[in-house]
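A closer look at the structure
Each chain, written out:
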Amino acid sequence: MVEATKPVTSLNKFEQFKAEKDGLAVKDQLEQFAQLGWEAIDKTDLEHRLKWLGIFYRPVTPGKFMMRMRIPNGILTSNQMQVLAEIVQRYGEDGNADITTRQNLQLRGVRLEDVPDIFRRFEQAGLTSVQSGMDNVRNITGSPMAGIDAHELIDTRGLVRKVQDMITNNGKGNFAFTNLPRKFNIALEGGRDNSVHAEINDIAFVPAYKDGELGFNVVVGGFFSAKRCEAAVPLNAWVPANDDVVDLCRAILVVYRDYGLRANRQKSRLMWLIDEWGMEKFRIVVEEHFGRTLLTAAEEDEIDWDKRDHIGIYPQKQSGLNYVGLHIPIGRLYAEDMFELARIAEVYGSGEIRLTVEQNVIIPNIPDSRLKPFLTEPLLERFSLNPAPLTRALISCTGAQFCNFALIETKNRALAMIKVLEAELEMTRPVRIHWTGCPNSCGQPQVADIGLMGTKVRKDGKAVEGVDLYLGGKVGKDAKLGTCVQKGIPCDDLLPVLRNLLIENFGAKSK
Ligand code: SRM
Ligand code: SF4
């Protein structure tokens, strides 16, 4: 038994308000908040604790809240999509939904007075937004092709759901895991192409054979933050693809909750604890909480493909059925789009809709005989099955339109710039360009072929919007994080820089 003492620390502002009142406690005050109106409620409840329920006060659009859902494994039903569409439709021009880089949806324009009713509708539809922000476990990602990929190794759907249910008490909220030292990310990969970016999660499960049995190798501690970015490192553990996955997540979360560093929020993510203890001690303490011997990792994992983007039409493992990946420009949906997605999923598929970490949509279970009429749907003119190569792989975080951390506008600028580049250049293959509005890296510039991170720069004596340029990110097999190669390019000067880069490094030719 190793000694794992709890750190003695003076409490920072966040630890103080969490100690005074748990974030989840505001769940019982929602009716009261709805009656009071957002201007009248306690500032800490408004700006922080509501995030424990997935309700985000937006200083950029006061009174118009963002709601972050949990969509485990990125899978939802047409009925759920319809419910979410009805919610955002109510807010007219303010209402929309963004598909996030964690295979999830964020609703916009929400008014606090409507939240009690929205929560009732969530419950009826089997949806939850609980514990999706602040010091909680984020949406749990899984292979977007789970259960339909002919080359799949492990179907992640049930396990992802079980892990979410354990952490959130079946979506009702679970005080056991609402006071972590910081945010926490979990991903389960079941295929060969590392479709979830395992390397950038605090815990990731990747398929691996041990003594002929298929299970998961476990990597831990991957994260991005403004101060430091690290790829996950091996825990040297293998678990079978059963409830051991849930138990191991629980054990690691308890260790992180009880021993994770809390003094400095810039040094609180799981990797900082692993650094302080060393992997050997971390593994021993996790094993003690797991309650049985952890098997050592399998020698190699089964990630041996390049990452797929799933856009287009593909046969499923079920003969006669297909999945179709639709490109959603910068992940933005409006109510009409959501109603349409729900409708086409029902009319042509099985009513299921899937989301990807590339901020796109997959409609599975379309029979061969229904493909032809499906392809005539007007929605596919905007949500293409065959977008141009740069558009196809474009990802962007929220940026200045709604996010108060943003140093630059991202989504609209990203789209406008790609349009110009595509008009000028002939591309032979997609190039993954990721925009992120500030060093928090929600848009994951470090996994991109070309990553652009918002910053402020001086140009002609004025502070203007700019980017730091990242190159070298590799995804899929042998994933590797990219690094910053050039700092402080004013956004106004970025177009020629990207054009040259695409020509010199990515085989583009001028038209
Ligand atoms: Fe993020 C904070 C948006 C994925 C690292 N992130 C935020 C906040 C909540 C800040 C805020 O309160 O305004 C942003 C909400 C803006 C808004 O109105 O939408 C925000 N993050 C996003 C989303 C929506 C970006 C997107 O457009 O897709 C993603 C939501 C995922 C989800 O469904 O839960 C999102 N954020 C990420 C990722 C990518 C990932 O998980 O693969 C990262 C880097 C990976 C990681 O966390 O290790 C990420 N977000 C951060 C950080 C830096 C964390 C740190 O340890 O320092 C912050 C700031 C913080 O937590 O203090 C942050
Ligand atoms: Fe906001 Fe920065 Fe995250 Fe973009 S990267 S969503 S600007 S916190």
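If you're wondering where the values come from, they're calculated on a predicted model, not measured in any experiment.

What about the packing of helix H8 (residues 270–277) against helix H9 (residues 279–290)?
Two elements in contact, H8 and H9, have axes separated by 6 Å at closest approach and are oriented at 110 degrees. Overall, the two elements H8 and H9 adopt an arrangement that is roughly perpendicular. Facing Leu 270, Leu 273, Ile 274 and Trp 277 of H8, the residues of H9 in contact are Met 279, Lys 281, Phe 282 and Val 285. Considered class by class, the residues forming the contact of H8 with H9 number seven nonpolar, no polar and one charged.

Concerning empty space enclosed by the protein
Tallied over the entire structure, the rule returns one cavity of 30 Å³ or more. Along the walls of the largest cavity sit Ser 143, Pro 144, Met 145, Asp 149, Glu 152, Glu 189, Gly 190, Gly 191, Asp 193, Ser 195, Arg 308 and His 310, which together make up its complete lining. Across the lining of the largest cavity, the residue classes break down as two nonpolar, five polar and five charged.

Thoughts on the pattern of salt bridges
If you walk through the whole model with that rule in mind, you get 45 salt bridges. In this structure, Glu 31 and Arg 120 form a salt bridge, with 3.2 Å as the shortest nitrogen-oxygen distance. One end of the pair, Glu 31, is in helix H2 (residues 30–36); the other, Arg 120, is in helix H5 (residues 115–125), with 89 residues separating them in the sequence. Judged by its relative accessible area of 43%, Glu 31 is partly exposed. Where Lys 64 meets Asp 94, a salt bridge forms, and the shortest distance between an N and an O atom there is 3.5 Å.

Details of the domain arrangement of the protein
Once the domains are mapped, the protein shows domain 1 (1–16 + 130–308) and domain 2 (391–510). For domain 1 versus domain 2, the separation of C-alpha centres amounts to 29 Å. Facing the 16 residues of domain 1 at the interface are twelve residues of domain 2. Of the roughly 1,100 Å² buried between domain 1 and domain 2 on both sides combined, carbon and sulfur atoms contribute 67%. Between Lys 474 and Asp 306 there is a salt bridge; the shortest N-O distance is 4.0 Å. Linking domain 1 to domain 2 there are two residue pairs in polar contact (both at pLDDT 80 or more). In terms of residue class, the side of domain 1 that touches domain 2 is made up of seven nonpolar, three polar and six charged.

Thresholds, definitions, all that
Residues numbered from 1 in each chain as written. Chains lettered and ligands numbered in written order. Predicted model: local features only at pLDDT ≥ 70, side-chain atom pairs only at ≥ 80, totals over all residues. Heavy atoms only, no water. Axes fitted to C-alpha atoms, helices over the stretch in contact; angles between N-to-C directions. Helix = DSSP H or I, 4+ residues; strand = E, 2+ residues; numbered from the N terminus. Parallel < 35°, antiparallel > 145°, perpendicular 65-115°, else oblique. Contact = heavy atoms within 4.5 Å. Nonpolar A, V, L, I, M, F, W, Y, C, P; charged D, E, K, R; others polar. 1 Å grid on protein atoms, 1.4 Å probe; cavity = no way out; pocket = protein on both sides within 12 Å on 5 of 7 lines; lining within 4 Å. Points joined across faces, edges and corners; volume = space filled by probe spheres on them. Salt bridge = Lys/Arg side-chain N within 4 Å of Asp/Glu carboxyl O. Buried < 20%, exposed > 50% of the residue type's maximum accessible area, 1.4 Å probe, protein only. Domains from an automatic or database assignment. Buried area = accessible area lost by both parts, 1.4 Å probe. Polar contact = N/O pair within 3.5 Å; in protein donor to acceptor, adjacent residues only side chain to side chain.

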